[in-house]
Amino acid sequence: MRNAIYKDDRLSLVRTSDLGFTIIELLIAIVIFLIVTSSIYGLLALGTVSRNRASFRTDVLKNARAAVHLIGRDALNAGLGYHQAGALVPNGFLSTTLGLPPDVDNQRDILTSVIAGDNLFDNDLQGNSGIKTDIVAFAFRDLDYNAGDAIAINKSKNGSAASVTRLELGASTTTSIRPYDLLLVEADTTQVAVMASSIINSKNVDFDTNDPLDINLARDGNGINRSLLTKCTTTIIDNCTGQLSAMKRFFWVSYKVKEDGTLVRITYGNNTGKPLDEQIQELPLAYNVKNLQFTYVLENGTVTSNPGAGPDGVAGNVDDTPNDFNLIRQITVTIEVQSTERDNQTNEPITIKLSGTFSARNLEYDVG
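Here's what I pulled together on the structure shown here.

Rules used throughout
Residues numbered from 1 in each chain as written. Predicted model: local features only at pLDDT ≥ 70, side-chain atom pairs only at ≥ 80, totals over all residues. Heavy atoms only, no water. Phe/Tyr/Trp six-rings, centres within 6.5 Å; stacked < 30°, edge-to-face > 60°. Lys NZ or Arg CZ within 6 Å of the ring centre and 35° of its normal. Pairing = 2+ DSSP bridges. Helix = DSSP H or I, 4+ residues; strand = E, 2+ residues; numbered from the N terminus. Salt bridge = Lys/Arg side-chain N within 4 Å of Asp/Glu carboxyl O. Buried < 20%, exposed > 50% of the residue type's maximum accessible area, 1.4 Å probe, protein only. Disulfide = S-S within 2.5 Å.

### Side note on the packing of aromatic side chains
- The tally for this structure, following the rule as stated, stands at five aromatic pairs.
- The rings of Phe93, Trp252 and Tyr268 are connected pair by pair, giving a single aromatic cluster.
- In this structure, lysine 256 is placed above the aromatic ring of phenylalanine 121, and the distance from its NZ or CZ to the ring centre is 4.2 Å.

### Some remarks on the sheet that holds strand 15 (residues 303-304)
- Ordered in space as 15-14-16-17, the four strands form an open sheet in which the pairing is antiparallel. The open sheet terminates on both sides in strands that have one partner only, identified here as strand 15 and strand 17 (349-359).
- In this sheet, strand 15 lies alongside strand 14 (residues 289-298) in antiparallel orientation, the contact comprising two bridges. When the sheet's bridge partners are listed, tyrosine 296 is paired in strand 15 with threonine 304.

### Here's the deal with the pattern of salt bridges
- The full count for this structure, using the stated rule, is 10 salt bridges.
- In this structure, the salt-bridge partner of lysine 157 is glutamate 168, at a minimum N-O distance of 3.0 Å. Within this pair, whereas lysine 157 is found in strand 5 (residues 151-158), its partner glutamate 168 is found in strand 6 (residues 165-169), the two being separated by 11 residues in sequence.
- Salt-bridge contacts for aspartate 181 lead to arginine 249; the nearest nitrogen and oxygen are separated by 3.1 Å. Placement of aspartate 181 in the loop between strand 6 and strand 7 (182-187) and of arginine 249 in strand 11 (residues 244-257) is noted, with a sequence separation of 68 residues between them. Pair check on accessibility: aspartate 181 and arginine 249 agree, each one buried.

### A look at the state of the cysteines
- Counted by the stated rule, this structure contains one disulfide.
- At a sulfur-sulfur separation of 2.0 Å, the disulfide partner of cysteine 232 is cysteine 240. The S-S bond linking cysteine 232 to cysteine 240 shows a torsion near 105°; that makes this disulfide right-handed.
- By relative accessible area, cysteine 232 is classed as partly exposed at 28%.

Structure representation (structure tokens):
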């Protein structure tokens, strides 16, 4: 009897233990759960990092591509309907306006279809590396201006003041001309870049010296400081023109990276309806630009980063060759942009470098 009861109690105890978990089993289950959860969390974290990285790269790449595309468009237009030799502007104009190294000669500058500046501007994103960014400027004709026709010029005469040059127009009217239009005036021996100041009696355009680019020179100036729109006479025999024939409007734009890493497209003049202090406008194209570099292929196949620097490769010396800008046949732009956010793993910004090469076809085929 006792044995029977004992057996029943043992059976009862065995059955009771089958209904629960031992501590060891619970610990094993918890460990397995933690391992699985950690693995899932790790995969989710890795996916988040990859997604953020892809998002950062997409944003950076989008900005870089848009900037390169716009630079390439202007590079393709450079020289279109302009003049192969370029236009004369005041001495030191390019240095003052674009930030190029000052030239050492005492001659007027030449505003060519492409103007290059190599390693000129500091960039905060470069730290103390000493790397500087480039600038490039393009000039091309506004083919929609005056229905695509050049405006004939009758003669040059005195304007509203002794320093002001007035051009009397031919059969064309001044309905297309507006103050601050950037104009290329063609003469018998040269071309001159100027900016319209005011329209007088619908047939006359004045060119004052207070223009926002400081591109107009005084009619009563001396030597190279005299406006080339001044007609040569028996007493004025140099730094003057024999016969002015026509004028047309042109665009002048440049690309540079500001010190804070903002890539901007700068337009000069032609901003109809805007006041004098808004005739030089900066359009931001991309931010966090770490570097901007240009290289050029010349007509003879030479590859250079500064075509006008001369044999010694240093701009601002007596051996500079600014006319060599007209020999450019290809332009390669390289832009390096970094993300504003930092990578979750490396804790460093993501950097993308993008390059594009464009043919400066209008420099080669247009003759003016």
